[in-house]
Amino acid sequence: MSGGKLMKTKILKPTAGGIAEAGEIIKNGGLVAFPTETVYGLGANALDEKAVSKIYAAKGRPGDNPLIVHIAEKEDILPLVKEVTPQARALMEAFFPGPLTIILPKSDKIGKTVSGGLDTVGVRMPLNPIARAMIKAAGVPVAAPSANTSGLPSPTNAGYVIEDMRGKIDAVIDGGSCEFGIESTVLSLAGEVPVILRPGAVTREMLSEVIGRVDIARAVTCGMKDGETAASPGMKYKHYAPRAKIVIVNAPKDKYERFVNSQSGAFALCYEEDDVKIPRVTFGREGDDLSQSHALFDALRRLDELGAKKVYARNPRLEGVGLAVYNRLIRAAAFCVIDLEKPFLIGLTGQTGAGKGYVSQKLAGMGYNIIDADKVYREMTESDPVLLGVLRREFGEEIFENGALCRERLAALVFSDPERLGRLNAAVHPLILERCESLARFPAVLDAPQLFESGGERLCARVLCVTAPQELRLRRITERDGISQTAARQRAASQLSEEYLTENSDFTVINDGRDIISQLIRFKEELL
Ligand code: TXA
Ligand code: MG
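It should be emphasised that the depicted structure is a prediction, and the values quoted were computed from it without experimental measurement.

Engineer: Just to check I follow, could you spell out unusual backbone geometry for this structure?
Structural biologist: The bulk of non-glycine residues show a negative phi, and the bulk of peptide bonds are trans. The step from Phe96 to Pro97 runs through a cis peptide bond, and the omega angle for that step is -5 degrees. Summarising the element assignment, Pro97 is placed in the loop between α3 (86-95) and β5 (100-105). Positive phi is not limited to glycine here, since Ala334 has a value of about 50 degrees. Looking at the element boundaries, Ala334 is found in the loop between α9 (322-332) and β16 (337-339).

Engineer: Is there a simple way to think about the layout of surface pockets in this case?
Structural biologist: Gaps between atoms show up when a probe of the same size as a water molecule is rolled over them. Here the largest pocket defines a volume of roughly 1400 Å³. Those elements that provide at least two residues to the lining of the largest pocket are β17 (345-350), α10 (356-365), α11 (373-383), α13 (407-415), α14 (418-439) and β21 (444-447). With seven residues, α14 is the single largest residue contributor to the lining of the largest pocket. Looking at side-chain class alone, the lining of the largest pocket contains 18 nonpolar, 13 polar and nine charged residues.

Engineer: Any chance you could explain the sheet that holds β17 here in plain terms?
Structural biologist: The strands that make up a sheet pair up through hydrogen bonds in the backbone, lying either parallel or antiparallel. One open sheet holds the five strands; their spatial order is β18-β21-β17-β22-β23, and the pairing between them is parallel. Of all the strands in the sheet, the pair left with one neighbour each is β18 (369-372) and β23 (507-510). Averaged over all pairs of adjacent strands, the angle between strand axes in this sheet comes to 25 degrees, irrespective of strand direction. Note that β17 and β21 share four bridges and pair parallel. The residue of β21 that forms the bridge with Gly347 is Leu446. Packing of helix α18 (residues 516-527) onto the sheet brings it into contact with β17, β22 (462-467) and β23, and relative to β23 it is tilted by some 170 degrees.

Engineer: How should the sheet that holds strand β8 (residues 171-173) be read in this particular structure?
Structural biologist: Judged by pairing direction, the sheet is mixed, and its 11 strands sit side by side in the order β1-β8-β2-β3-β7-β4-β6-β5-β9-β10-β11 without closing on themselves. Every other strand in the sheet has two partners, leaving β1 (10-12) and β11 (215-216) as the edge strands with one partner each. Bridging between strand β2 (residues 32-34) and strand β3 (residues 41-45) involves three bridges; their strand directions are antiparallel. Pairing of Val32 across the sheet is with Gly43, part of β3. Packing of helix α2 (residues 49-59) onto the sheet brings it into contact with β3 and β7 (142-143), and relative to β3 it is tilted by some 155 degrees. Across the sheet, helix α6 (residues 204-211) lies against β5, β9 (185-188), β10 (195-198) and β11, angled at about 40 degrees from β9, the strand it touches most.

About the thresholds
- Counting restarts for each chain: residues are numbered from 1 in the order of the written sequence.
- Lettering of chains starts at A and numbering of ligands starts at 1, both following the order in which they are written.
- Only residues with pLDDT of at least 70 get local features here, since the model is predicted, and only at 80 or more are side-chain atom pairs given and counted; chain-wide, interface and lining totals rely on the full set of residues.
- Hydrogens and water are ignored here; the side-chain numbers use all heavy atoms of the structure.
- A run of DSSP states H or I qualifies as a helix once it reaches four residues; a run of E qualifies as a strand once it reaches two. Both are numbered from the N-terminal end.
- In this analysis a 1.4 Å probe is tested at points of a 1 Å grid over the protein atoms alone, and where it fits but cannot get out there is a cavity; an open set with protein on both sides within 12 Å along at least five of seven lines is a pocket; lining residues have an atom within 4 Å of a point.
- Grid points are joined across faces, edges and corners, and a volume is the space filled by probe spheres set on the points.
- Charged means Asp, Glu, Lys or Arg here, nonpolar means Ala, Val, Leu, Ile, Met, Phe, Trp, Tyr, Cys or Pro, and polar covers whatever is left, Gly included.
- Strands qualify as paired when DSSP identifies two bridges or more between them.
- As a rule, the C-alpha atoms of each element are fitted with a line to give its axis, helices using only the stretch in contact, and angles between N-to-C directions run from 0 to 180 degrees.
- Here, residues are in contact when the closest pair of their heavy atoms is within 4.5 Å.

Without other data, these values stay purely geometric and don't point to any function.
Now the structure itself:
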């Protein structure tokens, strides 16, 4: 694009003439989108830094995210890298041409625009004959990322390329839909042990058969924390994200069906054979990873076309090509997963006087089943033989009166002695949590003042905390419990800090007079 003006984007046919024209455009420093067996690429002459910089501009791509260089013949790799190692050679024999990108230390021919400033380069020889013919016609190696606007799903047909790139690139070759539908496996051979930076249709199992040990980068399945450095810069950016909010639902078919069929106003992103009554878009068949990869990005784009706002997706399995499908979907979902295999609990906690009880009431009014950990504890101290047995063993007969637990005596015994208090908590917290968990019926809230101290947050899919300014909290406790300012301060000081709670919770409700319901609705929209 020059001077911000839109150019005319030509749609070329995959004929000898169309391919020759595309090659000519690339040779002359232009941009052409082209089909590959994975997704459409947005190509430029990899040896022309100016041409390459236009790719970043057209996609809105951060400059530190390197591009893959595409070649037409195996030996075309030689000038691009420092050395083709024996491992690289073996992998090229096995998987070139195909959906595998290998990363090696780069030669001086590769400029820093292509490499995003790294000293390595990713090289791939596509299987798609149109892609290879175009690279041949260009007569140069072709740098090409996926042909989408940065952050959106990769395009799997020419129509999707046009949606994102019309007016920003010289041409697109329309070669129909892509066979695999997700991008190539990216394998780094630049370190001591080969590492998969991005999973794809060439699976770890397939790679291991050729070169033995292959590791998988942690970021493949986990989110990256702020400030964590990525082996592959692409992993740190928001990715594949449609406008709709996607939530992955981990559950077997029947449980998933029951769950989505009770959701109104949402879409299902499910398998073809799933019995789903709400509006749905499918991505392949269960147990058939390749059908899923083929359909996934198309499905994500269709959800936006249909105006979906909230989408509940099936959880792909983590093996074979399923790992690659999961890797894309979990990013599209911004790592939001509801696990129906575990009781789905929302933890609710807060400092004394913050107004947790009030928030709990509001959540009950919104239809949540509240499990009150304090109440569960009180009930268990009345009648639970296991809990009473544990207390008798730890603290002796003196805390009992006529066979019943005397809570005042127990309190007197432990509250002046931190060691005893620690022993009490260690003994009873697991029992209380176990009972709370057994009481959980979706959608449930575990209301627990000591949620973090007891380890209860580990049972919770999401944690909500309630905070209020200190003055307000102290006033509330002195008024409610009739205790002195000093006693109120002491009680507050023995609890986890507001900072700790906020940092370790998924959402903070601020209870200083502002509207609670609207905050809870925002929590529900953002995190459930
Ligand atoms: O299937 C594919 O690989 C497609 C088609 C067009 O070939 N291309 C593609 O490119 O997906 P792109 O740029 O969308 O994704 C390349 C990924 C990015 O995550 C990038 O950070 C990573 O590969 N990558 C590229 N060069 C790298 C390098 N030298 N070191 C580490 N990661 C690299
Ligand atoms: Mg991409």
